[in-house]
Amino acid sequence: FQYHIPYLKRVYVITSKESTNQINLFKETINMIFPSISIIEYKKGGIDFQDVKEIFNTIEEIYRELAQEDIKEKEIIVDVTGGQVPTSIGAAMATLSRGRQFQYVSTKDKSIILYDIGYFED
């Protein structure tokens with residue numbers, strides 16, 4: 001979070017069905033360190049982290065909801081660091097539209113790598 005602190009207002013957390021019971025501890029921990037950041041569990045009860053389509057659709061829902069608040073896609077970053085491979089794939093796929101980005105925190109040196117990639121017919 002430290003990298004994004006000057007701009008970060010909300011964090012949407014997508015939990016798995018197995019990890020959803022840890023969301024309150026996560027919220028408490030983050031709120032102690034960064035009290036001004038709002039932590040929101042998206043889809044209470046978690047989703048299936050093996051289902052790439054469900055991950056993709058969930059990220060798409062978040063983009064649609066934030067668009068209704070006039071938040072631009074370039075102001076949203078999807079972090080694909082944690083979780084299982086299908087989770088990261090589905091989340092990254094949801095960012096292939098122009099103006100969307102995802103990030104990954106390197107397990108080697110903890111650096112943040114930002115990706116702005118896309119698949120376009122032009």
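What you see is a predicted model, and the numbers here were worked out from it, not measured in a lab. (Residues numbered from 1 in each chain as written. Predicted model: local features only at pLDDT ≥ 70, side-chain atom pairs only at ≥ 80, totals over all residues. Heavy atoms only, no water.)

A. Spatial organisation of the nonpolar core. Core analysis: the largest hydrophobic core is formed by 15 residues, its most contacted members being I55, I59, Y63, V78, V80, A91 and F102. At the level of elements, β2 (38–47), α2 (52–68) and α3 (85–93) are the ones that each hand at least two residues to this core. Setting aside chain neighbours within four positions, we find V80 in contact with S88, A91, A92, F102, Q103 and Y104. Counting residues in hydrophobic clusters, the runner-up holds seven residues, among them V11, I23, I37 and I39. (Core = buried A, V, L, I, M, F, W, Y, C linked by side-chain atoms within 4.5 Å. Buried < 20%, exposed > 50% of the residue type's maximum accessible area, 1.4 Å probe, protein only. Helix = DSSP H or I, 4+ residues; strand = E, 2+ residues; numbered from the N terminus. Contact = heavy atoms within 4.5 Å.)

B. Just α3, in detail. Looking at α3, one finds that the buried residues are P86, T87, S88, G90, A91 and A92. Elements that come into contact with the buried residues of α3 comprise α2, β3 (77–79) and β4 (101–105).

C. Molecular detail of the sheet that holds β3. Spatially, the three strands line up as an open sheet ordered β3-β4-β5, and their pairing is mixed. Lying at the two open borders of the sheet, with one neighbouring strand each, are β3 and β5 (112–115). In this sheet, neighbouring strand axes are inclined to one another by 30° on average, regardless of whether the strands run parallel or antiparallel. Bridge analysis of β4 against β5 gives four bridges, and the strand direction is antiparallel. By the bridge assignment for β5, V105 is matched with I112. (Pairing = 2+ DSSP bridges. Axes fitted to C-alpha atoms, helices over the stretch in contact; angles between N-to-C directions.)

D. Structural view of the side chain of T95. Looking at the secondary structure, you find T95 in the loop between α3 and β4. A distance of 2.7 Å separates a polar side-chain atom of T95 from the backbone oxygen of A92. With residues up to four places along the chain from it excluded, the contact list for T95 reads Y63, V78, R100, Q101, F102 and I117. (Polar contact = N/O pair within 3.5 Å; in protein donor to acceptor, adjacent residues only side chain to side chain.)

E. Molecular detail of the pattern of salt bridges. Taken as a whole and judged by the stated rule, the model has four salt bridges. The salt bridge partner of K43 is E61, with a shortest N-O separation of 3.3 Å. Residue K43 is found in strand β2, and its partner E61 is found in helix α2; the two are separated by 18 residues along the sequence. The residue R100 makes a salt bridge to E60 at a minimum N-O spacing of 2.6 Å. Of this pair, R100 sits in the loop between α3 and β4 while E60 sits in helix α2, and the two are 40 residues apart along the sequence. (Salt bridge = Lys/Arg side-chain N within 4 Å of Asp/Glu carboxyl O.)

In short, shape yes, function no, at least from these values alone.
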